[in-house]
Amino acid sequence: MRSASDLIKVLLVEDHRAVAEGLWALLDEYDDLTVVGWADSVAEVVPMTVELSPKVALIDYRLPDGTGAEAAARIREEDPDVVVVFLSADTSDAALLAAVEAGASGYLLKSAGGDEIAAAIRAADAGETLIPARTLMEVLARHRESTRLTAQQTERLQSLTAREEEILSLMSHGLDNRAIADRLTISYATVRTHVRGILEKLQARSQLEAVAKAAEWGFHPASPDPASETDGS
């Protein structure tokens, strides 16, 4: 029999009771691990950490009042000696990066078996980092590329003039060039010129593609209001 001081004390942070109870029962099968408590929200983690002094926190990423990354950050602010392992169904790069930034030693999916979870807890307690450097580098590269594309898309939308935004809004509401010309009391040729500018700036081959891209990039078309019609080009 191991003495209580030799056991790895685990705090579960999981908002689903059935999952928490299952994990508790599972981890109690290992004679070197002991679950000392269960928190079901970010708000509970600091009081539980102070009261129970766990060695390892096993944290779900999605919690009712925040993220597991927030929970991890609060735990480590209270007690930097507590190591954190995530056990989550969230496979997104954003979740993994947030976990790493919060000081996580490992990130497991909920499909992991009991032996894998137990091994991750032991490794984290021993000071090992369970997230391979190659995996992290790949995630960071994808994140940088996503950030670059988002900035580029925002820049393209911001390059539209006020008139182009107005015409794009009307295009988004299904108006064709003739109807847009009538609505804005400008010439059909002027509308076509503005549409060509919109397609060029959004790198779209058609008005439908321009509308779809703009929506995907966060463009919010104004409601067509006859009272706001303007003259001129």
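Residues numbered from 1 in each chain as written. Predicted model: local features only at pLDDT ≥ 70, side-chain atom pairs only at ≥ 80, totals over all residues. Heavy atoms only, no water.

Peer 1: Got a sec to walk through the nonpolar core? Specific residues and values, please.
Peer 2: One finds Val13, Ile59, Tyr61, Val84, Phe86 and Tyr107 to be the most contacted residues of the largest nonpolar core, which totals 28 residues. Of all elements in the fold, only strand 1 (8–13), helix 2 (42–52), strand 3 (56–59), helix 3 (68–78), strand 6 (83–88) and helix 4 (93–101) reach the threshold of two or more residues within this core. The greatest single-element share of this core, amounting to five residues, is contributed by helix 4. With sequence-adjacent residues up to four places away left out, Phe86 is seen in contact with Ile59, Asp60, Tyr61, Gly68, Ala69, Ala72, Ala99, Ala104, Gly106, Tyr107 and Leu108. Core analysis: the second largest hydrophobic core is formed by 22 residues, Leu170, Leu202, Trp217 and Phe219 among them. (Core = buried A, V, L, I, M, F, W, Y, C linked by side-chain atoms within 4.5 Å. Buried < 20%, exposed > 50% of the residue type's maximum accessible area, 1.4 Å probe, protein only. Helix = DSSP H or I, 4+ residues; strand = E, 2+ residues; numbered from the N terminus. Contact = heavy atoms within 4.5 Å.)

Peer 1: With reference to specific residues and values, describe the packing of helix 7 (residues 162–172) against helix 10 (residues 207–216).
Peer 2: Two elements in contact, helix 7 and helix 10, have axes whose closest approach is 10 Å; the angle formed by their N-to-C orientations is 100°. The angle between helix 7 and helix 10 falls in the class roughly perpendicular. Mapping the contact onto sequence places Leu168, Met171 and Ser172 in helix 7 and Gln207, Ala210, Val211 and Ala214 in helix 10. When grouped by side-chain class, the residues that make up the contact of helix 7 with helix 10 number five nonpolar, two polar and no charged. (Axes fitted to C-alpha atoms, helices over the stretch in contact; angles between N-to-C directions. Parallel < 35°, antiparallel > 145°, perpendicular 65-115°, else oblique. Nonpolar A, V, L, I, M, F, W, Y, C, P; charged D, E, K, R; others polar.)

Peer 1: Which residues make up helix 4, and what values go with them?
Peer 2: The periodicity of an α-helix, 3.6 residues per turn, causes residues three or four positions apart to be oriented the same way. Taken together, the buried positions of helix 4 are occupied by Ala95, Leu96, Leu97, Ala98 and Ala99. Of the residues trailing helix 4, Gly103 is marked for its positive phi of about 95°.

Peer 1: Before we move on, could you go through the packing of aromatic side chains and cite the residues and values that matter?
Peer 2: Applying the stated criterion to the full structure yields two aromatic pairs. The interplanar angle of 45° and the centroid separation of 6.1 Å between the aromatic rings of Tyr61 and Phe86 together place this pair among those described as tilted. One end of the pair, Tyr61, is in the loop between strand 3 and strand 4 (62–63); the other, Phe86, is in strand 6, with 25 residues separating them in the sequence. For the residue pair Tyr61 and Phe86, the accessibility class agrees, reading buried in each case. Summarising the aromatic geometry, the rings of Phe86 and Tyr107 are spaced 5.7 Å apart at their centres and angled 15° between planes, so their arrangement reads as stacked. (Phe/Tyr/Trp six-rings, centres within 6.5 Å; stacked < 30°, edge-to-face > 60°.)

Peer 1: Account for a negative patch on the surface, with residues named and values stated.
Peer 2: On the surface, a cluster of negative charge is contributed by Asp40, Glu44, Asp65 and Glu70. Of note, Asp65 is situated in the loop between strand 4 and strand 5 (66–67). (Patch = residues over 30% accessible without salt bridge, like charges linked within 9 Å, V, L, I, M, F, W, Y side chains within 5 Å. Areas by Shrake-Rupley, 256 points an atom, 1.4 Å probe, with all protein chains shown as cover. Salt bridge = Lys/Arg side-chain N within 4 Å of Asp/Glu carboxyl O. Lys, Arg positive; Asp, Glu negative; His and termini not counted. Charge placed at Lys NZ, Arg CZ, Asp CG, Glu CD.)

Peer 1: Let's hear about the confidence of the model for the protein chain: which residues, and what values?
Peer 2: In the predicted model, the protein chain carries a mean pLDDT of 89, and the fraction of residues at 70 or more is 93%. A low-confidence stretch, residues 227–233 (pLDDT under 50), is modelled with 16 contacts involving residues beyond four sequence positions or located in other chains. (pLDDT = per-residue confidence, 0-100.)

Peer 1: Can you explain unusual backbone geometry? Please cite residues and give values.
Peer 2: Working note: non-glycine residues mostly have negative phi, and peptide bonds are mostly trans. Even without glycine at this site, Ser53 takes up a positive phi of about 50°. By the element assignment, Ser53 lies in the loop between helix 2 and strand 3. Positive phi outside glycine occurs at Thr185, with the angle close to 50°. Along the chain, the position of Thr185 falls in the loop between helix 8 (177–184) and helix 9 (188–202).

Peer 1: Residue-level account of the side chain of Asn177, with values.
Peer 2: Mapped onto the fold, Asn177 is located in helix 8. Among the polar contacts made by the side chain of Asn177, one reaches the side chain of Gln207 at a distance of 3.3 Å. Among residues more than four places away in sequence, those in contact with Asn177 are Tyr188, Val191, Arg192, Val195 and Gln207. (Polar contact = N/O pair within 3.5 Å; in protein donor to acceptor, adjacent residues only side chain to side chain.)

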